[in-house]
Every structure is written in C-alpha cells, then in structure tokens.
Amino acid sequence: MVANELFMNGEFVPAEHGMISVHTHGFAYGTGCFEGIRGYWNEQDQQIYLFRIREHFERLLRSCKVLQISLPYTVDQLIDISIELVRRNDHRGDIYIKPIAYKADLSIGVRLHGLSDDFLITSQPMGNYIDITGLHCCVSSWRRIDDNAIPARAKICGAYVNSALAKSEAIQNGFDEAIMLTHEGHVSEGSAANIFLLLNGELLTPAPTENILLGVTRDTLMELARRELGRTTRERQVNRTELYAADEIFLCGTGVQIAPVVRVDHRPVADGTIGPISRTIQETYFDVVRGRRPGYRTQWCTPVYAEIPASEHSEVAN
Ligand SMILES: Cc1ncc(COP(=O)(O)O)c(C=O)c1O
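Treat the numbers as computed from the prediction; the structure is a model and nothing was measured.

Student: Would you mind going over the site of the ligand with me for this structure?
Tutor: With respect to spatial proximity, 17 residues lie near the ligand, and among them Y160, E189, V216, T217 and T254 are the closest. Separating an oxygen atom of the ligand from a side-chain N or O atom of R59 is a distance of 2.8 Å. Between the ligand and T254 there is a distance of 2.5 Å, counted from an oxygen atom to a side-chain nitrogen or oxygen. Contact with the protein chains covers 97% of the free accessible surface of the ligand, which is 380 Å². Cavity membership is defined here by more than half of the atoms lying within 2 Å of grid points; on that basis the ligand lies in the largest pocket. Those elements giving two or more residues to the shell around the ligand turn out to be α2 (53–66), α5 (216–229) and β14 (248–253).

Here you go:
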C-alpha cells in the first residue's frame with residue numbers, strides 16, 4: 001500500500017498536502033539532512049520492527065548540529081512520532097521511514113545561520129534497494145566528499161550529489177555499484193553503503209576518518225561479527241588494490257542491507273562467488289532485523305503495533 005499520511009510542521013497531514021515552496025532553502029541549496037530507517041515485517045508476530053531507530057535519530061541530531069538546524073524534538077519524541085505515523089498508514093510489510101530536517105526559509109542567500117528550520121517524516125513500503133545476490137563494482141572516478149568540504153559523517157541532502165554522480169557513472173558503465181576512494185586514494189565507501197573486506201582471514205572496514213558515513217549497519221555488523229563469529233573488525237585505511245586481493249567483500253547499509261560483492265573492476269573477488277562469511281553475516285542480519293533473534297530484538301528492534309502474546313503466535317501463523 002502507498003502511505004497516505006506524513007508528518008510535517010508538527011502535525012500529521014494527508015500525503016498530498018506534504019508540499020514545500022519552490023523557494024525553500026533546503027531545496028535550492030541542499031541544506032537539509034535526513035535519515036533512512038527500515039521497518040521489517042514479521043509475519044509470525046504480525047509486527048513491524050523498526051531497526052535501531054534510536055541510533056538513526058541520534059545521528060540525525062548530530063547531522064542537524066553540523067547544519068545548525070534546531071529540531072524541537074527529543075530522540076524519544078521522534079521515535080514516538082514515527083511509530084504513530086506507521087500506525088496511521090497501517091503498513092503491513094517492509095517499510096522505509098525517511099525523516100528530513102531542513103532549512104525552510106524562502107530567502108535567497110547561501111548560509112546556515114539565521115534561517116528557519118522545518119522537519120518532516122514520511123513512510124513508504126520498500127523491498128530490496130539493490131541486488132543482494134552478488135554485485136560487480138567499479139572503483140569510481142568520483143572521489144568521496146571530504147570532511148572539510150561536506151562532512152560525510154553527517155547525512156546531508158546536498159552531499160548525495162556525490163553519491164549520485166558515482167552511482168550513475170557505475171551503472172552507465174555497466175557495473176552494479178560504485179566504490180569511492182578518498183582524495184588520498186584510500187577506500188572510503190559505496191555510493192550509499194559502507195564496505196567490509198575479508199583479507200588474509202581478517203575482517204576490515206575503512207576507519208571513521210576515511211570520509212565515511214558512520215553507518216548504523218556497519219556498527220551492527222561489527223557487533224554481530226564479534227558476538228556471532230568471534231571476529232573483531234579492524235578499522236583502518238584500506239588501499240584500492242586490497243579490493244583486488246580480498247577473499248570476500250560486502251557492502252552494508254539500511255537501504256542496501258547486506259550486499260556481497262563478487263567482482264571489482266572486472267576482477268573476481270576470490271572465485272567470484274559469495275563467500276561463507278558474507279553469507280553468514282547476511283543470514284544473521286536478516287534474522288536479527290526481522291526480530292527473529294529475541295536477544296537482539298530486545299536490544300535493537302522497536303515494535304510498532306501492540307505485541308501479540310507468544311501463546312497466540314501459532315494461531316496467527318496458521
Ligand atoms: C553514504 C552512505 N554511507 C553509508 C550508509 C550506511 O548507513 P546506515 O547503515 O546507517 O544506513 C548510507 C546509508 O544510508 C549512506 O548513504
């Protein structure tokens with residue numbers, strides 16, 4: 001189903017009323033920041049679990065700080081508003097929640113200070129964002145934005161032009177996805193995803209200083225690797241040719257989920273099939289986000305609807 005309400009300017013309104021002026025600062029200059037939060041439908045529980053929604057809103061508040069946007073809500077209030085929105089839209093499947101905080105002033109003039117701010121949240125059904133059965137990636141000719149240009153650690157609307165340039169170049173050149181390097185030439189991330197490599201038996205991911213968005217999924221996978229596989233992830237600078245030498249590579253992100261990479265720049269990753277660590281991480285991740293692992297469910301999954309007692313589960317499933 002298509003969502004029929006959204007939250008805007010402090011109230012829930014019909015989706016068709018969700019409009020901004022052509023003069024809006026955030027539209028004209030990209031001066032906004034956003035989040036992408038997934039909700040996963042669990043058929044047995046007849047429930048949507050919002051995955052790590054708290055961490056997403058904590059990051060949104062940090063992005064707002066960078067852009068000097070004042071958001072008149074606490075993280076708890078933002079979670080409550082999101083739950084209410086999903087309930088009002090009565091979603092019964094996988095969804096994507098997108099909160100956006102932006103400079104709402106209608107004036108001309110590029111700056112951050114002395115402008116009014118607005119905030120909205122939308123929710124919509126969403127399946128897989130990209131293929132998760134084996135990607136062919138290229139190293140992009142576009143470099144990742146630098147912390148002193150547009151800070152990548154904030155999820156800034158305008159910064160996604162960088163991602164869009166890289167993504168379209170990749171697709172139009174016959175690849176599935178781009179891997180971007182920093183200006184210094186080290187591996188940074190995908191167009192909208194973090195990256196992990198398995199190299200010489202070690203799990204690696206570019207360090208926070210490599211102009212990456214500090215992904216919630218990245219953090220999730222580091223914890224899952226440690227707790228489920230007994231592997232510590234090393235955060236360090238990664239060279240381009242380590243991509244060619246890797247035994248396994250996967251991209252991760254809220255939208256992307258866990259997307260194994262099987263070829264980079266026409267070179268197969270190991271034997272060009274999905275490796276065992278990527279496969280296990282992917283399977284574990286989907287169990288966790290759908291609320292099928294009680295320990296992680298309590299820790300990371302926020303239910304939207306009233307919970308059905310366990311004793312009634314089998315009746316629903318049948
Ligand atoms: C540029 C970029 N990097 C990384 C990620 C992954 O972040 P997260 O796992 O928090 O969704 C995203 C995701 O949305 C992204 O846009």
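Student: For this particular structure, what's the right way to read the side chain of T220?
Tutor: In this structure, T220 sits in helix α5. Here T220 falls in the buried class, since its relative accessible area comes to 0%.

Student: Help me understand the packing of aromatic side chains, please; the structure alone is not making it clear to me.
Tutor: Aromatic rings in a pair are described by how distant their centres are and how their planes are angled relative to each other. Throughout the structure, instances matching the rule amount to 10 aromatic pairs. Where F7 meets F119, the ring centres are 6.4 Å apart and the plane angle is 65 degrees; that geometry is what we call edge-to-face. Here F7 is found in strand β1 (residues 5–8), whereas its partner F119 is found in strand β7 (residues 117–125), with 112 residues between them in sequence. Per residue, the accessibility class of F7 equals that of F119, and both read buried. Among the aromatic residues, those joined into a cluster by ring pairs are F51, Y285, F286, Y296 and W300. We note R92 situated over the ring of Y305; from NZ or CZ to the ring centre the distance is 4.1 Å. One Lys or Arg, K98, reaches over the ring of F34 and ends 4.8 Å from the middle of that ring.

Criteria and thresholds
- Within each chain, residues carry numbers counting from 1 in the order of the written sequence.
- Side-chain atom pairs in this predicted model are given and counted only at pLDDT of 80 or more, local residue features only at pLDDT of at least 70, and totals for whole chains, interfaces and linings cover all residues.
- By convention in this description, side-chain values take in all heavy atoms of the structure and omit both hydrogens and water.
- To be near a molecule or strand, a residue needs just one of its heavy atoms within 4 Å of it.
- Nitrogen and oxygen atoms within 3.5 Å of one another constitute a polar contact, given that in protein one can donate a hydrogen and the other can accept it, and given that sequence-neighbouring residues count only through two side-chain atoms.
- Residue exposure ignores everything except the shown protein chains as possible cover, and the areas themselves are Shrake-Rupley values with a 1.4 Å probe.
- Cavity means a closed set of points on a 1 Å grid over the protein atoms alone, one where a 1.4 Å probe fits but cannot get out, pocket means an open set with protein on both sides within 12 Å along at least 5 of 7 lines, and lining means a residue has an atom within 4 Å of a point.
- To decide whether a molecule occupies a pocket or cavity, check its atoms: if more than half lie within 2 Å of the grid points, it is inside.
- Only runs of H or I of at least four residues qualify as helices and only runs of E of at least two qualify as strands under DSSP, and these elements are numbered from the N terminus.
- Exposure classes here rest on a 1.4 Å probe applied to the protein chains alone. A residue is buried below 20% of its type maximum, exposed above 50%, and partly exposed in between.
- Stacked, tilted and edge-to-face are the three classes applied to pairs of Phe, Tyr and Trp rings, where Trp contributes its six-membered ring and a pair requires centres within 6.5 Å; stacked means planes under 30 degrees apart, edge-to-face means over 60, and tilted covers the rest.
- Charge-over-ring placement is defined geometrically: NZ (Lys) or CZ (Arg) within 6 Å of the ring centre, and within 35 degrees of the ring normal.

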